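Summary of structural features
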Amino acid sequence: MVEAKPFAITKRQVWEAYKRVRANKGSAGVDGQTIQDFEADLSNNLYKLWNRLASGSYFPPAVLRTEIPKDDGGKRPLGIPTVADRIAQTVVKQYLEPALEPIFHDDSYGYRPGKSALNAVGKARERCWRNDWVLDLDIRAFFDSLDWKLLMKAVRAHTGEKWVLLYIERWLKAPVQLSDGTQQLPEQGTPQGGVISPLLANLFLHYAFDQWMVRNFPDIPFERFADDAVCHCRSETQAMALKAALEERMIEVGLELHPAKTKIVYCKDDDRREAYDHTQFDFLGYTFRARRSKNRWGKYFINFAPAISKSAATTFRRMSRRWRWPVRSDKSLEDLARMFNVNIRGWINYFGRCYKSALYPILRCLDRRLAQWATRKYKRLRKHKRRASHWLQRIARKQPRLFAHWPLLYAAAGR
């Protein structure tokens, strides 16, 4: 007779969670175990994880903390759970997410099925045309400051499943291992990088921000992507009143608006010509500001529109520099295209949605790096950068789809 487990977690749930973690890949946690290492004894590893989850004896290991550079020069702490812990978190997420999705606000876009950052950017663009002012919000250290009691209160409002509540609490209290090997016990927050963290963050801000806005400022539309949000106001007075109210609201829920990064922005265009201190803002890698545009009849006008931000462009240039084009003289042009087209295409698909012309300087930078590669690859082009550029352009005309950026770049040059 098979002994019944205290919690009704099935092996199928663990298997489906594993498949999703495998698809997302990811780095090793504190145990150094990669997904390939986990799969070397897959059946046994999944069985042990299921057994511990279903019996209530699963305790998450420490989260490995690493730091990634931010656009403003600072560093963002990122928590990396182990592979097994990512699977366990996915089991809980897949159980809880269907219950939470229907109650989330339509203008909450972060880490939700069927919604994306580009949806948020597009909606913000439309609303900036209809509203003169934006309140650009920045919550200081949101993931590190999240109040556990308020979060668990929100979770309990949507599920009474004991194993879900048990494991969420254990993940919140799991130790954090620093780069020097020491461990810390957190007292608040949830590690940015955990599988369950985005869902918990959305649930917390659903009550702390979304529903509060609906109750108190129902006529002010907004877009929120995780802890990044912009609110659209009809007047500066309305924006100032909202900012003051939100400062009080954030204190109530244990958070704080960043005093330097939260600002009121004037959406300047041809019809809005007054002068104000702040006339642009960044949202999800795009900079919204006044730009010269052309309408369908060929007439130019000033439009408040998004385009790739300076920081995002810098990030792309740095990333392409790390590809080390000049030293890859053992590769062919086709090899380079296969190696880098996925990344190039991803950037174009995201940042080419609005104001594509802002991408052209970055795409030309890619061609300059290709020309550098050619001067190393071929003796006849050595010390002849201009000749290498012309050679590359001839190939682009013959094979315009060899590199993902060539159709966009050379179509623009043709026009």
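Just so we're clear, the structure is a prediction, and the values are computed from it rather than from any experiment.

With that out of the way, let us pick up the overall build of the protein. Counting its regular elements, the protein contains 15 helices and 11 strands. For the protein, the spread of C-alpha atoms along the principal axes amounts to about 75 × 60 × 40 Å. Counting every position in the protein, which comprises 415 residues, the buried fraction comes to 47%. Carbon and sulfur atoms provide 49% of the accessible area of the protein, an area that totals close to 22,000 Å². In the protein, which carries 73 positive and 44 negative side-chain charges, the distance between the mean positions of the two groups comes to 12 Å.

A few words on the state of the cysteines. Considering all chains together, one arrives at 0 disulfides under this definition. Cysteine Cys-128 shares no disulfide, and the gap to the nearest cysteine sulfur, in Cys-267, comes to 4.1 Å. Taking relative accessible area as the criterion, Cys-128 reaches 0% and is therefore assigned buried. With no disulfide partner, Cys-354 has as its closest neighbouring cysteine sulfur the one in Cys-128, 11 Å distant. Classification of Cys-354 by relative accessible area gives buried; the value is 4%.

To continue, consider a positive patch on the surface. On the surface, Arg-380, Arg-394, Arg-397 and Lys-398 cluster together into a patch of positive charge. With respect to the element layout, Arg-397 can be found in helix 14 (residues 385-398). Exposure remark for Arg-397: the relative accessible area of 60% places this residue in the exposed category.

For the rest of this paragraph, the subject is the pattern of salt bridges. In this structure the tally under the stated criterion is 13 salt bridges. Where Arg-12 meets Glu-16, a salt bridge forms, and the shortest distance between an N and an O atom there is 3.1 Å. Of the two residues, Arg-12 and Glu-16 are both situated in helix 1 (residues 11-24); the distance of 4 residues between them amounts to about one turn of the helix. Arg-12 gets classed as exposed once you look at its relative accessible area, which sits at 52%. Note that Glu-16 is salt-bridged to Lys-19, the shortest N-O span being 3.4 Å.

So, about the packing of aromatic side chains. Across all of its chains, the model carries 28 aromatic pairs by this definition. With centroids separated by 5.3 Å and ring planes inclined at 40°, the aromatic side chains of Trp-15 and Tyr-18 adopt a geometry described as tilted. Residue Trp-15 and its partner Tyr-18 are both found in helix 1; the two are separated by 3 residues, about one turn of the helix. Classification of Trp-15 as partly exposed rests on a relative accessible area of 33%. Between Trp-212 and Phe-217, the aromatic rings sit 5.6 Å apart at their centres with planes inclined by 50°, giving tilted as the arrangement. Since its relative accessible area comes to 17%, Phe-217 is described here as buried. Among the aromatic side chains, those forming a connected cluster through ring pairs are Tyr-286, Phe-316, Trp-347, Tyr-350 and Phe-351. Positioned over the ring face of Tyr-355 is Arg-291, at 5.3 Å from the centre of the ring.

Right, let's talk about the sheet that holds strand 10 (residues 286-294) for a bit. Spatially, 9-10-11 is the arrangement adopted by the 3 strands of the open sheet, whose pairing is antiparallel. Each end of this open sheet is capped by a strand with a single partner; those strands are strand 9 (281-283) and strand 11 (300-308). Strand-to-strand, the axes of this sheet are offset by a mean angle of 50°, without reference to chain direction. Sheet topology places strand 9 next to strand 10; 3 bridges connect them, and they run antiparallel. Paired with Phe-283 across the bridge in strand 10 is Tyr-286.

What follows is about the packing of helix 12 (residues 333-351) against helix 13 (residues 360-377). Running from amino to carboxyl end, helix 12 crosses helix 13 at an angle of 165°, the nearest separation of the two axes being 13 Å. Considering their axes alone, helix 12 and helix 13 lie roughly antiparallel with respect to each other. Read as a crossing pair, helix 12 and helix 13 show a hand that is right-handed. For the pair formed by helix 12 and helix 13, the contact residues are Leu-333, Leu-336, Ile-344 and Ile-348 on the first element and Leu-363, Leu-366, Leu-370 and Trp-373 on the second. Considering only residue class, the contact of helix 12 with helix 13 consists of 8 nonpolar, no polar and no charged.

Here the focus is the sheet that holds strand 5 (residues 183-184). Pairing is mixed across the open sheet formed by 4 strands, whose spatial order is 2-1-4-5. In the strand order of this sheet, the two ends are held by strand 2 (75-80) and strand 5, each with one partner. Relative to strand 2, strand 1 (residues 63-69) runs antiparallel, the two being bridged by 6 bridges. If you follow Ile-68 over to strand 2, its bridge partner there is Arg-76.

The rules behind each value
Residues numbered from 1 in each chain as written. Predicted model: local features only at pLDDT ≥ 70, side-chain atom pairs only at ≥ 80, totals over all residues. Heavy atoms only, no water. Helix = DSSP H or I, 4+ residues; strand = E, 2+ residues; numbered from the N terminus. Buried < 20%, exposed > 50% of the residue type's maximum accessible area, 1.4 Å probe, protein only. Areas by Shrake-Rupley, 256 points an atom, 1.4 Å probe, with all protein chains shown as cover. Lys, Arg positive; Asp, Glu negative; His and termini not counted. Charge placed at Lys NZ, Arg CZ, Asp CG, Glu CD. Disulfide = S-S within 2.5 Å. Patch = residues over 30% accessible without salt bridge, like charges linked within 9 Å, V, L, I, M, F, W, Y side chains within 5 Å. Salt bridge = Lys/Arg side-chain N within 4 Å of Asp/Glu carboxyl O. Phe/Tyr/Trp six-rings, centres within 6.5 Å; stacked < 30°, edge-to-face > 60°. Lys NZ or Arg CZ within 6 Å of the ring centre and 35° of its normal. Pairing = 2+ DSSP bridges. Axes fitted to C-alpha atoms, helices over the stretch in contact; angles between N-to-C directions. Parallel < 35°, antiparallel > 145°, perpendicular 65-115°, else oblique. Left-handed = near helix turned anticlockwise from the far one by under 90°. Contact = heavy atoms within 4.5 Å. Nonpolar A, V, L, I, M, F, W, Y, C, P; charged D, E, K, R; others polar.

The values are spatial; any link to function lies outside them.
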